[in-house]
Amino acid sequence: MSPDLPPVVPSVTAELVAALSPRLRKRLDTGVTKLLARPAVREGDTVRIAVDDETDVVLRAPGGTVTGADAIHCGCLLAPDCLHRAAAASAAPVAEETPAPAEATQTRDGAETAPTEPDTATPEQRAAARAVFDAAAAVLEAGTDGAGAVLQAELLHAAHTARLAGLPRASAAAVSVVTGVRAARSAAPGHRLTDLTDALAAVLGVTHRLPHTTGPDLTELRGTVRQPYRPDGSLRLYGLFSEPVLTATGYAGAVTWTADADGRLYTVSDVAPGGPARATGAADRAVRIGDTTLTHRELSRAGLAVSGATVSPTGRLGAGAGVRAVRASGADWRAEPLDRLWAVPAAEQVTRALNGGQDLLFLEVTLEGTVRETTGDCLLADCAGLPLRLATAHDDPALPYRDNLRLLAAAGGSRLRIVARLAPGPCPRALLLATEHPTGPGARVDLGLDRLRRADLPAGAVAPPARAVPAGDEAPLHLLRRRVHQAVPGGRRVLALAGSRSGDGARLRRLGLATAGDLLDDLHTAAADRSRDTFGRLLPADTGRFARAWLAAAVYTDTVERALCAAAWGATVNEVSSPGRTP
């Protein structure tokens, strides 16, 4: 996937790949690799790729997105049904499709009302959900290593069908899987196996449940195309911090977090297709709300007075024509009204996050050095007697997160207020986003945008050597988790290997995790199950059975990990998992 190319809507990629002959489909992955190696030149809304000295592929993206197959042109002799057009669409980031406006009906008094959804899934929705499930199961069957452009296009086609059937949540989840697979295959710095595993579990979970669900749960599983913005009158907001956004799906920018006098959180975002340069540069762009000239970096320290505000359910501020905003004074983290965010006990904040609320944590910690983990060093801190591990929020070298974390390790003994994002796990862990300045009272540091210098540390500060992590007596859930994760890049064949059947299932049962042991055995059995016909020939694999066994293991792992996380923080968690993760 190339961030230099404009995003292409799923239906375009699916259409171009479907038009290829069987011979060209076999060559599509090679074509994508060759095309990604060629330079792309942008001229306004047009991107041109020189395939060779005589042939160019041109992508026209008015408004920044390719929305039709005719917007991708190739000068080769085989066009329009050539390999180059399909390869260009498959190499580009996946864009969101513009939703069709819902038809409205009129009441007797002339008022318009939106049509209501039936309490059960329609035949079209059940068929679309099955198509998405089957396409996602095929991706899981092959693993990211084997899920080439053809399988990706089939999942994009299913996502487009789901959107047309009124299933935007399933459609969006399917697109997330495709973008994650592309990031994995291109070794993008922002790719994380855990994120792709969660995306696969989400799309399989939603489409597995949807045909059999009714009532409010069905409404949630269907989802909404766009979050509605509701009027919220006048707001007096205080800047908290800004964080860069750099996704594996080809989007980048910045989000600034603010709070009102009651501690409610609001965000102002500027995210668009782009790479690391846009993620670091967006902080110095003016926020898109009202007529204010404040940049995101300035707003994170200042305040904002908004009239005619509109807000989404997640707290994102709208930028409609009727919104007015002017600069106002900010507030220190240790002064009202922001001080109240840090007054909430950590366990209560974690309870809120685990039960589907805001996942930001406002903590006061004492830095204690670094601890060595298999994924790298992380900062060790004491949080009201609780040993807390603080990791980097993003590993891309263009962002200063990791460098800042190394410098903070030398500020041992410093007591600071921080903002972090909860990272569920068996021990207290969070992703560090912002902190008070180690030596500047009243100052704060946005760790993804600002760069700390050695001069910012206390005099004589020296980073201590990283400590080794003690083995401890952690529940051996990793025996199941690693098989769930192994299947994502390697597919069924990794778990079907003769050496994959170890005694892990029996070990889990001996240690009291009988359900985990049974799920692990069932996963191996489903992976190895290949029936033969009367002539001894292998029949096609049952991708549905393997996907359901994998989904059950993934949901169980997620549920237990949430429970362990709650226990580690002294929090409480609802027994029911999120709808997308429950088989």
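Scroll up for the structure.
Calculation notes
- Residues numbered from 1 in each chain as written.
- Predicted model: local features only at pLDDT ≥ 70, side-chain atom pairs only at ≥ 80, totals over all residues.
- Heavy atoms only, no water.
- Helix = DSSP H or I, 4+ residues; strand = E, 2+ residues; numbered from the N terminus.
- Buried < 20%, exposed > 50% of the residue type's maximum accessible area, 1.4 Å probe, protein only.
- Contact = heavy atoms within 4.5 Å.
- Areas by Shrake-Rupley, 256 points an atom, 1.4 Å probe, with all protein chains shown as cover.
- Expected span 1.5 Å × (residues − 1).
- Core = buried A, V, L, I, M, F, W, Y, C linked by side-chain atoms within 4.5 Å.
- Phe/Tyr/Trp six-rings, centres within 6.5 Å; stacked < 30°, edge-to-face > 60°.
- Pairing = 2+ DSSP bridges.
- Axes fitted to C-alpha atoms, helices over the stretch in contact; angles between N-to-C directions.
- Disulfide = S-S within 2.5 Å.
- Polar contact = N/O pair within 3.5 Å; in protein donor to acceptor, adjacent residues only side chain to side chain.
- Parallel < 35°, antiparallel > 145°, perpendicular 65-115°, else oblique.
- Left-handed = near helix turned anticlockwise from the far one by under 90°.
- Nonpolar A, V, L, I, M, F, W, Y, C, P; charged D, E, K, R; others polar.

Caption draft 1: Looking closely at the overall build of the protein. Each helix and strand counted, the protein has 19 helices and 18 strands in total. Each of the 583 residues in the protein was classed as buried or not, and the buried ones make up 50%. For the protein, restricting intrachain contacts to residue pairs at least 6 apart in sequence, the fraction spanning at least 24 positions comes to 64%. With the model as given, the accessible surface of the protein reaches about 26,300 Å², and the carbon-plus-sulfur share is 53%.

Caption draft 2: Structural context of helix α6 (residues 149–164). Compared with an ideal rise of 1.5 Å per residue, which puts 16 residues at 22 Å, α6 spans 22 Å between its outermost C-alpha atoms and is within 8% of the ideal. Residues of α6 that are buried include every one of A149, Q152, A153, L155, L156, A158, A159, H160, A162 and R163, and no others. Each element contacted by the buried residues of α6 is listed here: α1 (10–18), α3 (28–36), α4 (83–91), α5 (123–146) and α7 (168–185). Following α6 by one or two positions, G166 has its phi on the positive side, about 85 degrees.

Caption draft 3: Quick peek at the environment of A411. With respect to the element layout, A411 can be found in the loop between α14 (401–408) and β15 (415–422). Residues A411 and G369, 42 residues apart in the sequence, show an inter-C-alpha distance of 7.7 Å. If we skip the residues at most four places from it in the chain, A411 touches L367, L457 and P458.

Caption draft 4: How the structure looks around the nonpolar core. Counting 62 residues, the largest nonpolar core has L240, L338, L363 and W569 as the members making the most contacts within it. Counting residues per element, this core draws most heavily on strand β12 (residues 360–373), which supplies 7 residues. If we skip the residues at most four places from it in the chain, W569 touches A346, A347, V350, L361, L363, L386, L388, L422, P428 and R429. Counting 60 residues, the second-largest nonpolar core is a separate cluster that includes A137, A526, A553 and A554.

Caption draft 5: Spatial organisation of the packing of aromatic side chains. For the structure on display, the rule yields 3 aromatic pairs. A centroid spacing of 6.2 Å and a plane angle of 10 degrees characterise the contact between F241 and W257, whose relative ring orientation is stacked. Of this pair, F241 sits in strand β7 (residues 230–246) while W257 sits in strand β8 (residues 251–259); the two residues are 16 residues apart in sequence, bridging distant segments of the chain. Taken as a pair, F241 and W257 share a single burial class, namely buried. Ring pairing ties together the aromatic residues W333, W342 and F362, which thus form one cluster.

Caption draft 6: Quick peek at the sheet that holds strand β2 (residues 46–50). The strand order across the open sheet built from 4 strands is β1-β2-β3-β4, with neighbouring strands paired in antiparallel fashion. If you trace the sheet from one side to the other, it starts and ends with β1 (40–43) and β4 (72–74), each paired once. The average undirected angle you get between the axes of adjacent strands in this sheet is 20 degrees. Where β2 lies against strand β3 (residues 56–60), 5 bridges are found, and the strand directions are antiparallel. Its bridge partner being in β3, A50 is matched across the sheet by D56. On top of the sheet, α4 reaches β3 and β4; it is set at about 140 degrees to β4, its chief contact.

Caption draft 7: Fine view of the state of the cysteines. All told, the structure shown has 0 disulfides when counted by the stated rule. Among the cysteines around C82, which has no disulfide bond, C76 carries the closest sulfur, lying 3.7 Å off. Take C82: its relative accessible area is 2%, and that puts it in the buried class. Here C378 is not cross-linked by a disulfide; its sulfur's nearest cysteine counterpart is in C427, at 7.9 Å.

Caption draft 8: Quick look at helix α19 (residues 543–569). Between its first and last C-alpha, α19 extends 39 Å over 27 residues, near the 39 Å set by a 1.5 Å rise per residue. With a side-chain oxygen positioned 3.3 Å from the backbone nitrogen of G544, the residue opening α19 is D542.

Caption draft 9: Molecular detail of the packing of α1 against α4. Close contact between α1 and α4 brings their axes to 9 Å; oriented N to C, the two are set at 150 degrees. When the axes of α1 and α4 are compared, the pair comes out roughly antiparallel. Between α1 and α4 lies a crossing whose hand is left-handed. For the pair α1 and α4, contact is made by T13, L16 and V17 and by R85, A86, A89 and S90, respectively. For the contact of α1 with α4, a count of residues per class yields 4 nonpolar, 2 polar and 1 charged.

Caption draft 10: Seen up close, the environment of Q152. Mapped onto the elements of the fold, Q152 is located in helix α6. The buried category is assigned to Q152, whose relative accessible area is 6%. The sequence separation of Q152 and V181 amounts to 29 residues, and the corresponding C-alpha distance is 8.2 Å. Excluding its chain neighbours within four sequence positions, the residues that come into contact with Q152 are A147, V178, V181, R182 and R185.

Caption draft 11: Structural detail: the packing of α5 against helix α8 (residues 193–209). Packing of α5 against α8 leaves a shortest axis separation of 8 Å and a crossing angle of 150 degrees. What the angle tells us is that α5 and α8 run roughly antiparallel. Crossing of α5 against α8: the hand is left-handed. Residue-level contacts link A129, V132, F133, A136, A137, L140 and T144 of α5 to L196, L200, V203, L204, T207 and H208 of α8.

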